[in-house]
Amino acid sequence: MHNLKPIRQLLGVTQRAMAEGLGCTQGNIGNYEKGQTLPPDAARNLIAFSATLGLVISYDHIYGGALLPKRKEVAHG
């Protein structure tokens, strides 16, 4: 099991925005959120995408039981 949906909700993004950030389709995100296995390359992209939005996470946050950190505001511009 993984924590994709709670991470997406914490980031405050839609499935579509997350799909663009991870380089997959919105359908993929929906399937992952319904329980399909999140591949390691998608998890790696999730870590990078989350960091751009001020949320620093690791594989333990995605696949393990590590508590999700709080999101930091990122200055844009």
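No experiment lies behind these values; they were computed from the predicted model shown.

Student: Can you break down the pattern of salt bridges residue by residue, with the values?
Tutor: The final tally for this structure, using the stated rule, is two salt bridges. Residue Glu33 is joined to Arg8 by a salt bridge in which the shortest nitrogen-to-oxygen separation is 2.5 Å. Here Arg8 lies in helix α1 (residues 4-11) and Glu33 lies in helix α3 (residues 26-33), a separation of 25 residues in the sequence. Overall, Glu33 belongs to the buried group, its relative accessible area being 17%. Assessed through its relative accessible area of 12%, Arg8 is described here as buried.

Student: Before we move on, could you go through helix α2 (residues 15-22) and cite the residues and values that matter?
Tutor: Among the residues of α2, Met18, Ala19 and Leu22 are the ones counted as buried. All buried residues of α2 fall inside an arc of 105 degrees around its axis, so they share one side. Turned more than 90 degrees away from the buried face of α2 sit Arg16 and Glu20, all of them exposed. Packing partners of the buried residues in α2 comprise α1, α3 and α4 (40-52). Two residues or fewer past α2, Gly23 is found with a positive phi of approximately 75 degrees.

Cut-off values and rules
- Residues numbered from 1 in each chain as written.
- Predicted model: local features only at pLDDT ≥ 70, side-chain atom pairs only at ≥ 80, totals over all residues.
- Heavy atoms only, no water.
- Salt bridge = Lys/Arg side-chain N within 4 Å of Asp/Glu carboxyl O.
- Helix = DSSP H or I, 4+ residues; strand = E, 2+ residues; numbered from the N terminus.
- Buried < 20%, exposed > 50% of the residue type's maximum accessible area, 1.4 Å probe, protein only.
- Arc of directions from axis to C-beta.
- Contact = heavy atoms within 4.5 Å.

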